[in-house]
Amino acid sequence: MEEDLSPFSKEETDKGLILDNNIEGSGGVEGLAFEAGTPPHEAVSYDAGLELCCQGREQNGGAKKTAHRDRAQALQLRRDLVYLDTVHNEKELALQKAREELRACRHRIGLISKRQAAVMAEAAQEKEANNVAAVGRLQATSNRLCSELEIERDLESSIIATLKEQEKSMWHIEILEGQLGASRKALEEEEEAEGRRLQERAAQRLKEEKAAIRKAERSQLLRIRKSTLSQEALRIRHQKLVDDAQKNHKIAIRFLKASLGRVREQQQKAEAESRQHLKRRMDAVLALKNNITANRETLRKFQAWGQARAELAEQKTQAEKEAILAQGGDAFKQLFHQRRRQELEAQKRASEEEQKQRRLEIMNRLWKEEVEENRRRKPPAPAQATGQRTLRDKTWCYVADFVDGMAATAPSYPHNAEYSVMFPKVVPLLQTISSESMQSELGIYSKPEEETLAKPEISGLWDEDYKPYQVPKDDVDRKPVGGTKMDKDILARTLERLRSGVIHKQVVSGHEFKGRPFNSKPELIHFKDFDIGKVYKKKITLINATYTINYCKLVGVEEHLRDFIHIDFDPPGPMSAGMSCEVLVTFKPMLNQDLEGSVSFLAQTGGFSVPLICSAKKCSLSLDKSLIDFGCYVVGETTSRVLTLTNVGGLGTEFKFQRAVESCDQVTSMNTSSIVMYEEKSLYDKPLPSVSENLFEGNESSPVETRKAESKEMEEVRHAESEGITMTTITELPPSEEETEMEIELGEVTEGVIGPFSSIKVPIIFTPSIPGEIQNKFKVTFKNPQCPTLYFKVIGVAIDVPVWVPNPNVDLKICMYDRLYQDSVVVQTRSKVALRLRFEVCKELQAHMELLPETGYIQAMSSYSVQLKFLPRHSLPKDAEMYFDKETRVLEAPMTIWVADQVKPVEFTVQAIITTSDLEISPSEVDFGHCTIYEAIRAKITLHNHSLLLQEFGFLGLPKFVDIQPNDGFGTILPLESLQLDVIFQPTKAKEYTFELICKTEINRQFKVSCRAVGVHPPLELSHYQIKFSATPLYDTAVATLYVINSHLSMNMMTHTVPRIGSQEPAPVGPTSFEFLLPPDVPITISPSVGTVLPGKKCLVQVAFQPVLPEELVRQEALQALNKELEGRLVRKDMISQKKDTRRQSLLTMKMQNRERPFRVSISPNPELQKQELRTSCEEYQAAQANLTRNFTGKFDKFVVPCVVASGDIKDRKEGKPLSFSPHNTLYLELWCPAVAPAIMVMSDKGKTIFNFGDVAVGHRGVKKVSIQNISSEDLTVHFSLLNPLGPFIILNPFSKLLSGEIQVLGLSFLPQESSVAQETLDIITTKGKLTLTLLGTGVASVIVCSIEGDVLNMGYVIARESVSSTFKLQNYSTLPIKFSMKLDSLSPRRNEDRQQVPQFLLSAVQRTDVVGTQNLNGQSVFSVIPVEGVIDPGKAQDFTVTFSPDHESLYYSDRLQVVLFNKTISHQILLKGAAREHMMFVEGGDPLDVPVESLAVIPAFDLEHREGETRLSPTPSAETEEMRAILVTLEYLQLDTPTPSPPASRELQVGCIRTSQLSQKKSVEFSLDSVPALQHKGFTVEPSRGFVERGQTKTITISWMPTADFDPDHPPVVSALLLLRGDVKETYKVLLVAQVVTSP
């Protein structure tokens, strides 16, 4: 404990906060060892410094600041004093705790002593009673109390010792504080001076801040002005933008309408085109149908012809064979030679056709070369003729389109292009015409420009015989043709000179050489595929081709080649015949373009030149085939051809193979194909010769050759018949584009990059899937735009397989598991030979499906039937997961028919929907639970049909106590349907039931449901298990009665049935209790709901039915009413805004409307919020309830109320422990409750039946009128229930009769007499029901709280003729608005009467002043209040301003302000005080020396003449007037007979400076008190003796007195001192100090 009471902690000791000179130890009270008479060294030094500082201040009038060392000492002293105060507080707290512990210890000692005495007395009594056990127990208790008493006394002694030590340490601390008191006071004065300096600095800073604020305000005004101007500019700009936007919007709308019109026109046009297209397609379909019909007839005819020809050929062969045999020859050999000759003839025809094809290709190449040559030589055509075609060109294009089945005009091409590009459709046409016609046509096409249709602008301008305009001979010099004779002579001489000098004729052996003197090897200098920037060199050899010696000289190259071509040639001199020389040609290309020219040389026999060509890199692409004919292939087979794309140029490019989609390449006509049928199986596998080419050529032949083509076709048909081939021509629709794409496909390489001088091979794959002729056109596009698109065509013929299934989809419909289904599959063949068939079922379905027989032979031109057996098992979804869809239960299994020697098998599909025959009954087990013999239990079961087929069902063999509805458990259930069935169980006696319900289907499947139940015979029974109430009006009550009967009198089970639960023990005979359990929120009341029935007795029970409207329905009606009201407000607001819009159509109004729209949306009613409001407010709820009641049409409800039963009397149960009610013995009561509308209704206030008078002041009356209407068809007699005669509610006008449809007004009043809440119920009773009115009201007393504490408002000191204001607040805490008025006693009418009484200071020494004190001399009230009257709303507050305006000097201004409520009750009385001075300084304190009432003879302080007279009489006139006033200060020292010294007696004087608005040189008041040493000699201490007081502040002068050693009680000391105040004037106060010693307060 000593450690806990230590005043110093280790941390504080370590920090060095303990005085080193005062504390010797590290902690504890013992460390405070010092001499009582000697203060610490630092304190002495600080006092000395402080005295020096004070002396210096008195001598110098504001000395310099202390040095740094003194400042440090002062700081250290301040820290020590703070720490000393902390130690003092801690010691005082420890002392208080020790005293409290001592007090508690002594209290416990007393209690233990009392307890010990009581125990001793009780032990004596027990000892007298010879109760040894009690005596022993009490002695043990006494011994324990003795030990506790000793412990507490030891604790008391230790606490006392500790307390003494604490008090001793406390005394030492107080002595130390007394020694440092003077230092503390000096330090406080220094802090006050520092505070004043800080205030002055703060005032200066405040001035600077105010100046800065004014400057900032000016800047803010400038910014606001600039912002206003900028906003105005922005508004104008925004206005302009809005106008422009509106104009643009109108324009946009106009353009939008036009665009929409065009779109509609386009849509209508597209619809018309689509209708026309659909019509054309329908016409084409009809034509196709007719063609198919006709072709079928033709096919039958050709078949008949073919059979006839075959028979004739066979007969002819047989006749020849017989003839040969008759002649004795070898028939087989003869026929073999004949067959051989036929083959040779066929080969001959094939070779002729091949030669013909080659000739056509040669002619095509020759034609291309000639066209190219003509293009080079042909001059450029006139600009007007560009893009025109000749009549022959159009004719060829038309013929080509006619051949392809289209009558469209081919696109136009320029004349200077190649023929293959100009006329791509003429190329296949050239393959069909003869070489003679080709030669003739080439002659025609050699000059296409002769038949051009272009015409010049000037007639005859393009004619060959046209001659340009020549100048007439009159306008030129008259010279003969060929020049004058002199000119001819000059020219001849010049030429002769040149020939003689340079060129000489070479004549050898009489032969003159003519021709080229030198031959160049090579003849052409060709730089191919050059790159810019590189240098290319070539050497040529010049060989002398003359007869003798010749010379060679380089002339040069043409001018446009000089920048690129450089020739290095060293003339060799004379060259003999056959000699050669070399020439080096260097080419440095700078441009990427072709160059053409020549290198010129001069020989002795004449000049010659070598041609030079520079060719840039180009792409030269070509296909090796333009037509790929696959021939005939069987459907399902796959073949391929290779197409080669070759680039012979020096530039590579990207290529892409794709299908041609040009309109001219689409085939929309009917194609004629040939289906070839073979009689022999061996010929079926052989590749057939292509007949499509013949057909193609026949279709493309000219009309002149039509007869030849037909005769040729007939010959081919005969030839095919002779070989055993039957050709049938049918007309069919061309395959669709998607099917063609699937059958004719490109290989893997369809796009890529082809390099220079390379080739790409692209495979073309033909996989026929549909019989008939298939053709497709492809194109090759290149990234290089200079490369033209290349086209090629692919054709092929697909022949159908000989065996097929007429019905490829065998649909078995819906099949069930584990049931057998059969069907037959028919297979047909068109082959003329018997074929072997093998039927195969997929491996996954081999366990479920079977085709019988597995192998068979189908005869020629016949059909074959196979049996399909399908027995689906439950493992089918797992086995055939690939073909079975578990979601849709659809099985699609492929079946395969393999035909011998046939690549593609015949497939057909077996489809079936697999379903189950299961019926599911849920739940599978039905537990009816416990059921009494007086009721039946219904359980619902669900019968679900999992099958996709309907099934018939029925429940058979039901026991007598079970029934199934509807239809007694029989019916038909649809696929995937679920039926709800009711199983009704009604036991006949108490036992346990276990049975099964069996459901059978039409296929004899059984489904069982297990059921169990327990029959119960309860010990009680009801007289009625069903009650039907009569029609009851809303909020009325209907009552019915029944009995609870206890018929259990005996336990003999042999004579009658006893109550029990199942097979359990019977219920005991005796009182049995019951309890009705009502469901929540039902309008039913049962009384009594709990009771006990004795054996053989019965108990009467009343059941009351009071129908009410559902709370949720009323809430919804209230919400709808609120929404309608809010919508009405919004509509009215919209109408007002629309009227404003019609008056002023300005843009600003439109903007405001746009801003209001989202606001209207935002105030939409919130249902959750309104629900929350409806819970607290009842007006809307009651209105909705009345409306629903008025419109109520009736309602019927059925309730089932359980009644639990328990053995025993309910009175015998223990508190908090209910009886053990068994849930199995529960009885059920069924209630039928019809509700109707009431007979009378409240019509006023929206039909509310709750009338709340609200808050009414006590003593006031509130009145409400209620309109009652009879809405029934009969007149009613009315009675009213009695109200509390002492209550606040009264009926003003009761009535006794209410006619049908009549409305009566009932008056009700509410007059509260006290502040409380009142509520009563008024029943209006009629023969058809009653109407209940609820009356509510609250009496409210006025409650106002004033913010002034003590009801005294002191306004302080004010300069005379100035004013000061103060505010206070009144808060209304009541729920009513309160009317108030403010009244001053000085303005009361009884003021004159009160002034006639004796002054207050003569009657009472305690209260010297009257309520109404000194008043103004000018007649105006010295106090004023604003506002004088008004109303304070509930929960609100009102601010009041009190103004104090004195007109002369006085210290006793006072008045009383009364707050009057409702002009009756005085709520508060506030005493107003104030004082006024003529000058800015004042002194308060001391004993009163004057009276608080002004005398009529007193000269006012504002009399200037009197003041001036005193100034003139003064011997030392000065600017400041000096006045002498007296202040009496009486000090009473309380001396007690205790060792503790009493504190010194002290009084305080307040020196203040009044804040004023007058201008004065003095900003503060200076005060000083003289004769301080004399006062100290008498034991008086004055702190501070001098100082300054700022405006609006006060400073306290503390005067304390301690008796000196020579004090004489009989002669108390009386000392006076002068207190000098210097402000705007100088005032002198004589302070008279009187001290005395008293022994009691």
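Residue indices follow the written sequence of each chain, beginning from 1 at its first position. In keeping with the model being predicted, local features are shown solely for residues with a pLDDT of at least 70 and side-chain atom pairs are shown and tallied solely at 80 or more, while totals for entire chains, interfaces and linings include all residues. In computing side-chain properties, one takes all heavy atoms of the structure into account and sets aside hydrogens as well as water.

The subject of this paragraph is the overall build of the protein chain. Elements are defined by DSSP. Helices are runs of H or I of four residues or more, strands are runs of E of two residues or more, and each kind is numbered from the N terminus. Across its full length, the protein chain carries 24 helices and 79 strands. A 1.4 Å probe rolled over the protein chains alone gives each residue an accessible area, and that area as a share of the maximum for its type sets the label: buried under 20%, exposed over 50%, partly exposed in between. Here the protein chain, with 1641 residues, has 34% of them falling under the buried criterion. Long-range pairs, those at least 24 residues apart, make up 72% of the contacts in the protein chain with a sequence separation of at least 6. Methods summary: accessible areas were calculated by the Shrake-Rupley approach with a probe of 1.4 Å, and residue burial reflects only the protein chains presented. For the protein chain, the accessible surface area stands at approximately 101,000 Å², while carbon and sulfur atoms represent 53% of it. Working rule for contacts: check all heavy atoms of both residues, and any pair within 4.5 Å makes them a contact.

Right, let's talk about the side chain of Glu 156 for a bit. Positionally, Glu 156 belongs in helix 4 (residues 132–179). Accessibility expressed as a relative area gives 17% for Glu 156, which makes it buried. Among all residues touching Glu 156, those that are not within four sequence positions of it are Leu 102, Cys 105, Arg 106 and Ile 109.

Only strands that DSSP links by at least two bridges are regarded as paired with each other. As summarised here, the arrangement of the 4 strands in space is 32-34-38-36, forming an open sheet in which the pairing is antiparallel. Two strands bound the open sheet, and with one partner strand each, they are strand 32 (919–922) and strand 36 (962–965). In this sheet, adjacent strand axes meet at a mean angle of 25 degrees when their direction is disregarded. Pairing analysis gives 4 bridges linking strand 36 to strand 38 (residues 978–985), with the strands arranged antiparallel. Across the sheet, Gln 965 pairs through a bridge with Asp 982, a residue of strand 38. For every element, the axis is a line fit to its C-alpha atoms; helices are fit only across the contacting stretch, and the angle between N-to-C directions ranges from 0 to 180 degrees.

Remark: helix 3 (residues 68–128) packs on helix 4, axes separated minimally by 7 Å, with the N-to-C direction vectors making an angle of 160 degrees. One finds that helix 3 runs roughly antiparallel with respect to helix 4. Here helix 3 runs over helix 4; the crossing is left-handed. Grouping the constituent residues of the contact of helix 3 with helix 4 by class yields 25 nonpolar, 7 polar and 18 charged. Here the word oblique covers every angle except those under 35 degrees (roughly parallel), over 145 (roughly antiparallel) and from 65 to 115 (roughly perpendicular). With the far helix as reference, a near helix turned anticlockwise by less than a right angle produces a left-handed crossing, and one turned clockwise produces a right-handed crossing. In this classification, Asp, Glu, Lys and Arg are treated as charged, Ala, Val, Leu, Ile, Met, Phe, Trp, Tyr, Cys and Pro as nonpolar, and every other residue, Gly included, as polar.

This brings us to the state of the cysteines. In this description, the term disulfide denotes a pair of cysteine sulfurs within 2.5 Å. According to the stated counting rule, one finds 0 disulfides in the structure shown. Cys 1099 provides the cysteine sulfur closest to Cys 1203, a residue in no disulfide bond, and the two sulfurs are 10.0 Å apart. Of the residues examined, Cys 1203 reaches a relative accessible area of 1% and is grouped as buried.

Following the sequence through the fold, Gly 1623 ends up in the loop between strand 78 (1614–1622) and strand 79 (1626–1638). For Gly 1623, a relative accessible area of 1% puts it in the buried group.

Turning our eyes to something else, we now look at helix 5 (residues 181–327). Under the 1.5 Å per step criterion, the end-to-end length of helix 5 is only 177 Å for 147 residues, more than 12% shorter than the ideal 219 Å. Among the residues trailing helix 5, Gly 328 stands out with phi positive, at a value near 90 degrees. One less than the number of residues in a helix, times 1.5 Å, gives the span that helix is expected to have.

Glancing now at the packing of aromatic side chains. Stacked, tilted and edge-to-face are the three classes assigned to paired rings of Phe, Tyr and Trp, where Trp is represented by its six-membered ring and a pair needs centres within 6.5 Å; plane angles under 30 degrees give stacked, over 60 edge-to-face, the rest tilted. Counted according to the given criterion, the structure contains 37 aromatic pairs. When the ring centre of Phe 255 is taken as reference, the NZ or CZ atom of Arg 254 above it lies at 5.8 Å. Taking NZ or CZ as reference, Lys 1098 lies 4.4 Å from the ring centre of Tyr 1043, over its face. Charge-over-ring placement is defined geometrically: NZ (Lys) or CZ (Arg) within 6 Å of the ring centre, and within 35 degrees of the ring normal.

Overall, mixed pairing links the 5 strands, which are arranged 63-70-69-65-67 in an open sheet. Edge positions in the sheet fall to strand 63 (1352–1359) and strand 67 (1429–1432), since each of these pairs with one other strand and no more. Strand-to-strand twist across the sheet, computed as the mean angle between neighbouring axes with direction ignored, equals 25 degrees. In this sheet, strand 69 (residues 1450–1461) lies alongside strand 65 (residues 1378–1384) in antiparallel orientation, the contact comprising 5 bridges. Opposite Met 1382, over in strand 69, you have Val 1459 as the bridge partner.

For the rest of this paragraph, the subject is the environment of Glu 1230. Checked against the element boundaries, Glu 1230 lands in strand 51 (residues 1222–1236). Polar contact criterion, stated in full: a pair of N or O atoms within 3.5 Å, where within protein one must be able to donate a hydrogen and the other to accept it, and residues adjacent in sequence count only if both atoms are side-chain atoms. Only 3.4 Å separates the side chain of Glu 1230 from the side chain of Gln 1026, close enough to count as a polar contact. One polar contact links Glu 1230 to Trp 1232, side chain to side chain, over a distance of 3.1 Å.

What follows deals with unusual backbone geometry. Residue Pro 853 is reached from Leu 852 by a cis peptide bond, and omega for that bond is -5 degrees. Summarising the element assignment, Pro 853 is placed in the loop between strand 26 (849–852) and strand 27 (855–858). The residue Asp 529 is not glycine, and still its phi comes out positive at about 50 degrees. The residue Asp 529 is located in strand 4 (residues 525–530) in this model. Notably, Asn 967 is not glycine yet its phi reads approximately 60 degrees, a positive angle. The class for Asn 967 is exposed, based on a relative accessible area of 57%.

Let's shift gears to a nonpolar patch on the surface. Taken together, Val 1263, Ile 1290 and Leu 1292 make up a surface patch of nonpolar side chains, about 260 Å² in accessible area. Relative to the helices and strands, Ile 1290 resides in strand 57 (residues 1289–1291). Patch members must show over 30% relative accessible area and no salt bridge, and they are joined within 9 Å when carrying like charges or within 5 Å when they are nonpolar side chains of Val, Leu, Ile, Met, Phe, Trp or Tyr. Salt bridges are identified by distance alone: a Lys or Arg side-chain nitrogen within 4 Å of an Asp or Glu carboxyl oxygen.

Positive charges are assigned to Lys and Arg, negative charges to Asp and Glu, while His and the chain termini are left out of the count. Note on charges: their place is set at NZ of Lys, CZ of Arg, CG of Asp or CD of Glu. Side chains of Lys 207, Lys 210, Arg 214, Lys 215, Arg 218 and Lys 1563 sit close together on the surface and give a patch of like positive charge. In this fold, Lys 215 is placed in helix 5.

Within the secondary structure, His 1224 sits in strand 51. The partly exposed category is assigned to His 1224, whose relative accessible area is 27%. In sequence terms His 1224 and Val 1014 are 210 residues apart; their C-alpha atoms lie 9.2 Å from each other. For His 1224, the residues in contact, after removing those within four places along its chain, are His 930, Thr 932, Val 1016 and Ile 1061. Separated by 3.1 Å, the side chains of His 1224 and His 930 make a polar contact.

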